[in-house]
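The primary structure of each chain is shown beneath.
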Amino acid sequence: MTNQEILGHIDHTQLKPFATWKDIVKLCDEAVEYQTASVCIPPAYIKRVHEKYGSQINICTVVGFPLGYSVTSAKVAEVEQALLDGCNEIDMVVNISDVKNGDYTKVEEEIKTLKKACGSHVLKVIIETCFLTEEEKIAMCQAVTNAGADYIKTSTGFGTGGATIEDIELFKKHIGADVKMKAAGGVKTRDDLVMFLEAGCDRIGTSSAVGLLKGEEAKGY
């Protein structure tokens, strides 16, 4: 697998709470140069990035991030504003408390509501695998599929753990045919990137892809 093939699956990410405009510009310049699948940035920077880069950049952002327990109406408002500002892809966090309470129908309904708000735009659903049992992960595979979301995503990168190959293999067994997979967090080497892509992931979220492909170690999300 060539570096360019890998980069075409990367959501080049900068979600640190103290990310400066200089950090965001560096990320976007790299995304343009290396032709990554998208940049994943804080909602507050979407409009500014869209105005500066236009169609050069596929903008992804996060909703209900990173804890997931915002009420659904607040998440919908986030989605609507993000799309208005020029975003194309939304990575939402499920209400993890609802998952732990076994209220899977409520989670499914929220995902469905956000997908309706996204319309033709891509919705990725972060289930934060590090906090879930296998039973809960399977239930989330079913909820994401039933709700019509485009992707299931492993992690925020802010939890106690990131993507594992075991979780990707579990997803493959339980998601619907139209649901794609995104791995995030815990991607530390070029070999990791290749491993997740060869396991069937369509996207990988990382801030370190360019560095990884130069042989550097990942630092952070």
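Our structure is the block above this text.
Fair warning: this is a prediction, and the values are worked out from it, not measured in the lab.

*Asks:* Can you walk me through the overall build of the chain in this structure?
*Replies:* When helices and strands are counted, the chain shows 10 helices and 8 strands. Buried positions account for 52% of the 221 residues belonging to the chain. For the chain, the exposed area adds up to about 9800 Å²; of that, 49% sits on carbon and sulfur atoms. Taken together, the 24 basic and 32 acidic charged side chains of the chain have centroids lying 4 Å from each other.

*Asks:* Help me understand helix H4 (residues 72–85), please; the structure alone is not making it clear to me.
*Replies:* Along an α-helix, residues three or four positions apart point the same way, because every turn accommodates 3.6 residues. Taking 1.5 Å per residue as the helical rise, H4 with its 14 residues ought to reach 20 Å, and the 20 Å between its terminal C-alpha atoms agrees with that figure. Within H4, burial applies to Lys-75, Val-76, Val-79, Ala-82 and Asp-85. Immediately beyond the C-terminal end of H4, within one or two residues, lies Gly-86, with a positive phi of roughly 120 degrees.

*Asks:* Can you help me understand the nonpolar core in this one?
*Replies:* Among soluble globular proteins, nonpolar side chains are generally buried collectively. Formed by 63 residues in total, the largest nonpolar core has its most connected members in Ile-41, Val-49, Val-94, Ile-111, Leu-123, Val-125 and Ile-152. Of all the elements, helix H7 (residues 134–147) adds the most residues to this core, at 6 residues. With near-sequence residues (within four places) excluded, Val-125 lies in contact with Met-92, Val-94, Ile-111, Val-144, Ala-149, Tyr-151, Ile-152 and Lys-153.

*Asks:* Would you explain the pairing of strand E3 (residues 59–63) in this entry?
*Replies:* A regular strand places its side chains so that they alternate between the two faces of the sheet. When you tally the buried positions in E3, you get 5 out of 5 residues, the bulk of the element. By the alternation rule, side chains of E3 split into Ile-59, Thr-61 and Val-63 and Cys-60 and Val-62, which are all buried. Note that strand E2 (residues 38–41) and E3 share 3 bridges and pair parallel. Pairing of Val-39 across the sheet is with Ile-59, part of E3. Handedness of the crossover joining E2 and E3 through helix H3 (residues 46–53): right-handed. Bridge count for E3 against strand E4 (residues 89–93) is 4 bridges, and the pairing is parallel. Opposite Val-63, over in E4, you have Met-92 as the bridge partner. Between the parallel pair E3 and E4, the chain is carried across by H4, and the sense of this crossover is right-handed.

Analysis parameters
- Residues numbered from 1 in each chain as written.
- Predicted model: local features only at pLDDT ≥ 70, side-chain atom pairs only at ≥ 80, totals over all residues.
- Heavy atoms only, no water.
- Helix = DSSP H or I, 4+ residues; strand = E, 2+ residues; numbered from the N terminus.
- Buried < 20%, exposed > 50% of the residue type's maximum accessible area, 1.4 Å probe, protein only.
- Areas by Shrake-Rupley, 256 points an atom, 1.4 Å probe, with all protein chains shown as cover.
- Lys, Arg positive; Asp, Glu negative; His and termini not counted.
- Charge placed at Lys NZ, Arg CZ, Asp CG, Glu CD.
- Expected span 1.5 Å × (residues − 1).
- Core = buried A, V, L, I, M, F, W, Y, C linked by side-chain atoms within 4.5 Å.
- Contact = heavy atoms within 4.5 Å.
- Pairing = 2+ DSSP bridges.
- Right-handed = clockwise from strand over helix to strand, strands pointing away.

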